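Residue-level structural notes
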Amino acid sequence: MTDPSHHTPLEDAQGIAFSVTMAAFGMHVLTHMGFVTGQTTGIAVLLAHVSGLPFPAVYFAVTLPFLGLAWRRMGARFALKTLVTTAALSLMVAFLPAWVDLGRIEPGFAAVLFGLLFGIAALAAIRHGGSFGGLSILWIELQDRTGFRAGTAQLLSDAVIFGLAALIVPFETLAYSFLGAAVFSLFLAINHRRDRYVAV
């Protein structure tokens, strides 16, 4: 058997493929319902809405600036996996509407579904040494340089994103969006624990 504290390349490939599939379906639900969310995905949703550009292309473009920082902070392996993950996710999000035609979904259930799908996707990516790119890397850098807590910076940035979304999204949609973001954050808070899972 392999060392239980490390993943094999095949295990990493399977884990990242799973994370990309779950995240793509979650994003499909998100865009289908017109929801917004926080972090990098939320920025991409707003920019796509304002510019009229395709969401997958905007999402990939938004994640690119963080790759250099990821390389410096987390190493080449993490940055490369993040590049592969975000590129694959952007492609799958672009193709998924042709593969899965969504109809009516109860908004509350759609919000919870998005939160769970994106939560399990992010967790799988993290556990296999990658990520979907994001502001969290920037906030960790800020914390190291200034002492300002990364968690606080993340909350403030999400508040700004939702504040901007309030200018263009109906209140009811915004409320359901907040529910989805809360489910996602709670899922990661409960399940992303290194004392329970240490494989990399």
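Data block above holds the structure.
Residues numbered from 1 in each chain as written. Predicted model: local features only at pLDDT ≥ 70, side-chain atom pairs only at ≥ 80, totals over all residues. Heavy atoms only, no water.

1. Concerning the packing of helix 3 (residues 55–63) against helix 5 (residues 76–99)
Cut-off, in case you're wondering: Note on definitions: angles span 0 to 180 degrees between N-to-C directions of axes, and those axes are lines fitted to C-alpha atoms, for helices only across the stretch in contact. A run of H or I in DSSP counts as a helix once it spans at least four residues, and a run of E counts as a strand once it spans at least two, with each numbered from the N terminus. Under this scheme an angle from 65 to 115 degrees is roughly perpendicular, one under 35 degrees roughly parallel, and one over 145 degrees roughly antiparallel; angles in between are oblique. Helix crossings fall into two classes, left-handed where the near helix is turned counterclockwise from the far one by less than a right angle and right-handed where it is turned clockwise. Any two residues having at least one pair of non-hydrogen atoms within 4.5 Å are treated as being in contact. Three classes are used: nonpolar for Ala, Val, Leu, Ile, Met, Phe, Trp, Tyr, Cys and Pro, charged for Asp, Glu, Lys and Arg, and polar for all others, with Gly counted as polar.
Between helix 3 and helix 5, whose axes approach to 8 Å, the crossing angle comes to 170 degrees. Relative to helix 5, the element helix 3 lies roughly antiparallel. Crossing geometry of helix 3 relative to helix 5 is assigned as right-handed. Two secondary-structure elements touch here, helix 3 through Phe 55, Pro 56, Tyr 59, Phe 60 and Thr 63 and helix 5 through Leu 83, Thr 86, Ala 87, Leu 89, Ser 90, Val 93 and Ala 94. Looking at the contact of helix 3 with helix 5 residue by residue, the class counts come to nine nonpolar, three polar and no charged.

2. Regarding helix 6 (residues 107–127)
Our working definition: Helix span, expected: 1.5 Å multiplied by one less than the number of residues in the helix.
Given a rise of 1.5 Å per residue, 21 residues ought to cover 30 Å, and the 30 Å separating the end C-alpha atoms of helix 6 matches this to within 8%. Two residues or fewer past helix 6, Gly 129 is found with a positive phi of approximately 80 degrees.

3. Details of the pattern of salt bridges
Operational definition: Any Lys or Arg side-chain nitrogen found within 4 Å of a carboxyl oxygen on Asp or Glu counts as a salt bridge. With a 1.4 Å probe rolled over the protein chains alone, any residue whose accessible area is under 20% of its type maximum counts as buried; one over 50% counts as exposed, and the rest are partly exposed.
Applying the stated rule across the entire model yields three salt bridges. The shortest N-O distance in the salt bridge between Lys 81 and Asp 12 comes to 2.8 Å. Here Asp 12 lies in helix 1 (residues 9–33) and Lys 81 lies in helix 5, a separation of 69 residues in the sequence. The class of Lys 81 is buried, set by a relative accessible area of 12%. What makes Asp 12 buried here is its relative accessible area of 7%. For Glu 106, the salt bridge identified is with Arg 104, shortest N-O distance 2.9 Å.

4. Quick notes on the packing of aromatic side chains
In this description, a pair of aromatic rings is defined by centroid distance and the angle of the planes. Rules: Centre distance within 6.5 Å is the pairing criterion for rings of Phe, Tyr and Trp, where only the six-membered ring of Trp is used; planes under 30 degrees apart are then read as stacked, over 60 as edge-to-face, and the remainder as tilted.
Considering all chains together, one arrives at six aromatic pairs under this definition. In textbook terms, an aromatic cluster arises when at least three aromatic residues are bridged by ring pairs, as seen for Phe 114, Phe 118 and Phe 184.

5. Some points on the packing of helix 3 against helix 4 (residues 65–74)
Interhelical geometry of helix 3 versus helix 4 gives an angle of 40 degrees and a closest axis separation of 4 Å. Here Ala 61, Val 62 and Thr 63 of helix 3 lie close against helix 4, whose contacting residues are Pro 65, Phe 66 and Leu 67. Of the residues contributing to the contact of helix 3 with helix 4, the split by class is five nonpolar, one polar and no charged.

6. As for unusual backbone geometry
Positive phi is not limited to glycine here, since Gln 39 has a value of about 60 degrees. Topologically, Gln 39 is positioned in helix 2 (residues 39–51). Classification of Gln 39 as partly exposed rests on a relative accessible area of 25%.

7. Here's the deal with the side chain of Asp 158
Looking at the element boundaries, Asp 158 is found in helix 8 (residues 150–165). Leaving out residues up to four positions away in the same chain, Asp 158 has contacts with Gly 38 and Gln 39.

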